[in-house]
Amino acid sequence: MTNCETLFPASTCGMGRCINSSCICFEGWKQTEELSYFVDEETPELRMCNFNRPLTIVVYMLVFFSAVTLLVARVLLCWITKNSKHARRGYVTMTGCMLLIIMAVMRLTDPDALFGVSFPFTFCFAMNTFCFSYVSVQSQNAYLRYLTKSFPSVEEELSRKLASTILEYRITKAVQLLGFIVLQFFWISIYVE
C-alpha cells in the first residue's frame, strides 16, 4: 500500500510517480508548500508534484501584462473623458489591477512567494479577489439601474420579477461580503499558531 497523496481527479503524486512511499517528480516539476494543506510538514516527501517554475513565470507574465493593459485603459478612459464619474466607478478596478501587478512582480522575482506560505502574496490575492468580486456586483447593480430607468412603464409582473432580481442581488452582495470576511479570518488563521 502506498502512502503517497492522491487528490481526485489527479493521479497519485500529480506530475510524478510514487516510489517507496514518496513522490518522485517528473522532469520540470517539483513539490511545493503552496496549496499543500493536506500533507504534514514533517513528511514533505508525500507532497504532490504540482509546481512548474517556467509555466508559472509564463502565467504571471500574462497576468502582469493584462493588469497593466487594463489599468492603462482605465486611466486613459478617465483622462480622455475628463469625467470624475469614471474615476469614481473605476477605483476598485484600478486597485484590483494594482494588486495583480504587485502579485505578479512578487511571484516573478521571488520563487518563495507562494499562496498560503507568503503572507504578503496571500494578502494581495485575498484583497484582489474581493476587489474583482465587488466590481462584478457593482456592474450588476449598474445594469439593474439601467433596466429600471430604460423601462419605467413596465407591467406589474415584470416589476415583481425585477424587484425579485434586486432582492437576489442584495442577498448575493451580503453573501459575498460575509464570504470576504470569512476568507480574511481564514488567511489570518493560517499564519497564527
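In the block above lies the structure referred to throughout.
Each residue is numbered by its place in its chain's sequence as written, counting from 1. Where totals are concerned, whole chains, interfaces and linings use all residues; where local detail is concerned, this predicted model gives features only for residues with pLDDT of at least 70, and gives and counts side-chain atom pairs only at 80 or more. By convention in this description, side-chain values take in all heavy atoms of the structure and omit both hydrogens and water.

Draft legend 1. View of the environment of Phe26. By the secondary structure assignment, Phe26 is in the loop between β2 (22-25) and β3 (30-31). Measuring from C-alpha to C-alpha, the distance between Phe26 and Cys13 comes to 10.0 Å, with 13 residues separating the pair along the chain. In what follows, residue pairs with any heavy atoms lying within 4.5 Å of each other are defined as contacts. Excluding residues within four positions of it along the chain, Phe26 makes contact with Met15, Gly16 and Arg17. Numbered from the N terminus, helices here are DSSP runs of H or I no shorter than four residues, and strands are runs of E no shorter than two.

Draft legend 2. Region of interest: the pairing of β2. As paired strands, strand β1 (residues 16-19) and β2 are joined by four bridges and run antiparallel to one another. In the sheet register, Gly16 faces β2, and the bridge partner there is Cys25. Pairs of strands are assigned from DSSP output, requiring at least two bridges between the strands. Hairpin connection of β1 to β2: two residues between the antiparallel strands, including Asn20 at a positive phi of 55°.

Draft legend 3. Expanded view of a nonpolar patch on the surface. There is a patch of nonpolar side chains on the surface, built from Val72, Leu76, Trp79 and Ile80 and spanning about 440 Å² of accessible area. With respect to the helices and strands, Trp79 occurs in helix α1 (residues 53-81). Candidates for patches are residues over 30% relative accessible area with no salt bridge; among them, like charges are joined within 9 Å and nonpolar side chains (Val, Leu, Ile, Met, Phe, Trp, Tyr) within 5 Å. Note that accessible areas follow from Shrake-Rupley with a 1.4 Å probe, and for residues the cover is restricted to the protein chains shown. Each reported salt bridge corresponds to a side-chain nitrogen of Lys or Arg within 4 Å of a carboxyl oxygen of Asp or Glu.

Draft legend 4. Fine view of the nonpolar core. Nonpolar cores were defined as sets of buried Ala, Val, Leu, Ile, Met, Phe, Trp, Tyr and Cys residues, with membership established by side-chain atoms within 4.5 Å. Think of it in three bands: residues with accessible area under 20% of the maximum for their type are buried, residues over 50% are exposed, and the middle band is partly exposed, with areas taken using a 1.4 Å probe on protein chains only. Core analysis: the largest hydrophobic core is formed by twelve residues, namely Tyr60, Val92, Leu99, Met103, Ala104, Met106, Ala113, Phe115, Phe121, Cys124, Cys131 and Val135. Within the residue set of this core, elements represented by two or more residues are α2 (84-109) and α3 (119-150). At five residues, the largest contribution of residues to this core is made by α2. Residues in contact with Val135, not counting those within four places in the same chain, are Val92 and Thr93. One finds Ala67, Leu71, Leu100 and Ile101 within the second-largest nonpolar core, a separate group that totals six residues.

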